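Each chain, written out:
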Amino acid sequence: MRTISILGSTGSIGTQTLEVVEILGNIKVAGISGNHNIDLLERQARAFRPRLIAVMDAENAERLQRRLSDIPCQVLAGMDGLLAVATMEEVDTVVTSVVGNVGLRPTFAAITAGKNIALANKETLVSAGQLVMDLAKKYGSSIYPVDSEHSAIFQALQGNHGNSVRRILLTASGGPFRGKTKAELAKVTASDALQHPNWNMGKKITIDSATLMNKGLEVMEAKWLFDIDIHQIEVLVHPQSIIHSAVEYDDGAIIAQMGEPDMRVPIQYALTYPKRIANPFPKMDFSKRTQFTFEKPDLETFRCLALAYRAMEIGGTMPTVLNAANEIAVEKFLHEKINFLDIPVLIEKTMQAYTVKQEYTLEDLLQADAWARTYARTIVL
């Protein structure tokens, strides 16, 4: 029986991971963590009986501990709690699905403790890709991608060890605003941006999908996960979201992974690799999926993707700054403090004001993250 802990069990990926666990029936959940939603954490604790629970706020942690006084579990608070859930002795795989750079320290701690990582926290590789991959190699930790796109690439690479990759085709749905002009985008609201056509995701990642920043972050992830030059990663807009990504080899053959847009499938594969296990999730009917279309992304209108490529080309601590500035920009947009088209403007201004470090430690990355957040909050547009 595999034993897991879940960092971010109340979010979209976390809740779907628990659905998968319930269906498979042969995975034990030893630890979970959440932020503010202690009602959901309580329900999860009663259903899955984890030994440890982490809550970021100390008062909420105390409140939850009182609610769960009738079952054998311990509720911890803050970063210490996250670190404890990430390094539990009995756990073999840690699902990292917290949003933001708060996932960096616990992921590092889990790898150092020899845990495998089912990775859904983009920021871990965006901010600290080289450090993470070096650490995983040092401690023998396997990193299994949970994102549908990276899972697809991971699957398309299997059985091809030693064969050279010409390019990775990283697919994007295009989000809710595909094809719109800047004039049209100037009028969109947060409510409009949260209406994703294909995927049910959390607010932050849904806004990132609308700006195409999500795809920029995924390009960075792919570079580190698959040890490939960033210019060999091509973003391809595929509105139907059936081909989740593909790999083209030097001989011109392209191997793609396909399926209905359902995050539970890549989550399950990350938990059961290398086995594929039957499940009740929707299966694709080709007679109803009769049209697959592809187009290049519009980098002039959706500038966040171009900014992500630029940050990666600069390298060093710049991807961390881009990521942090984006989080603040999305937060401001969701709170109606800036317009949709202001998101890339705020990110670019933050990048321009920053002096990059090419040689860095985890502490340097955390400092760059903190600086970028503080600076981005001061920008008035």
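Preceding this section is the structure that the text describes.
Now for a description of the structure that goes with this document.

Reading the values: the criteria
- Residues numbered from 1 in each chain as written.
- Predicted model: local features only at pLDDT ≥ 70, side-chain atom pairs only at ≥ 80, totals over all residues.
- Heavy atoms only, no water.
- 1 Å grid on protein atoms, 1.4 Å probe; cavity = no way out; pocket = protein on both sides within 12 Å on 5 of 7 lines; lining within 4 Å.
- Points joined across faces, edges and corners; volume = space filled by probe spheres on them.
- Nonpolar A, V, L, I, M, F, W, Y, C, P; charged D, E, K, R; others polar.
- Salt bridge = Lys/Arg side-chain N within 4 Å of Asp/Glu carboxyl O.
- Helix = DSSP H or I, 4+ residues; strand = E, 2+ residues; numbered from the N terminus.
- Buried < 20%, exposed > 50% of the residue type's maximum accessible area, 1.4 Å probe, protein only.
- Phe/Tyr/Trp six-rings, centres within 6.5 Å; stacked < 30°, edge-to-face > 60°.
- Lys NZ or Arg CZ within 6 Å of the ring centre and 35° of its normal.

**Quick notes on empty space enclosed by the protein**
Thought 1: Taken as a whole and judged by the stated rule, the model has one cavity of 30 Å³ or more.
Thought 2: A volume near 50 Å³ is recorded for the largest cavity.
Thought 3: Surrounding the largest cavity, Thr211, Thr301, Phe302, Arg303, Cys304, Phe340, Leu341 and Pro344 form its lining.
Thought 4: Residues of the lining of the largest cavity, tallied by class, amount to five nonpolar, two polar and one charged.

**What to know about the pattern of salt bridges**
Thought 1: Counted according to the given criterion, the structure contains 26 salt bridges.
Thought 2: For Arg167, the salt bridge goes to Glu234, with nearest N and O atoms at 2.6 Å. Of this pair, Arg167 sits in strand 8 (residues 165–172) while Glu234 sits in strand 9 (residues 233–237), and the two are 67 residues apart along the sequence.
Thought 3: A relative accessible area of 22% places Arg167 in the partly exposed class.
Thought 4: When the shortest N-O distance is used, the salt bridge between Glu234 and Lys296 registers 3.9 Å. Within this pair, whereas Glu234 is found in strand 9, its partner Lys296 is found in the loop between helix 12 (264–272) and helix 13 (303–314), the two being separated by 62 residues in sequence.
Thought 5: Overall, the relative accessible area of 24% leaves Glu234 in the partly exposed class.
Thought 6: Linked through salt bridges whose partners overlap, the residues forming this network are Asp39, Glu42, Arg46, Arg67 and Asp70.

**Things to note about the packing of aromatic side chains**
Thought 1: Applying the stated criterion across every chain, the model contains nine aromatic pairs.
Thought 2: Between Tyr144 and Tyr273, the aromatic rings sit 5.2 Å apart at their centres with planes inclined by 45°, giving tilted as the arrangement. Of the two residues, Tyr144 is situated in strand 7 (residues 143–145) and Tyr273 in the loop between helix 12 and helix 13; the sequence distance between them amounts to 129 residues.
Thought 3: You can call Tyr144 buried: its relative accessible area is 11%.
Thought 4: In this structure an aromatic cluster arises from ring pairing among Tyr144, Phe154, Tyr269 and Tyr273.
Thought 5: Of note, Lys223 hangs over the ring of Trp224, and the distance from its end group to the ring centre comes to 4.7 Å.
Thought 6: The positively charged end of Arg276 is found above the aromatic ring belonging to Tyr269, 4.4 Å away from the centroid.

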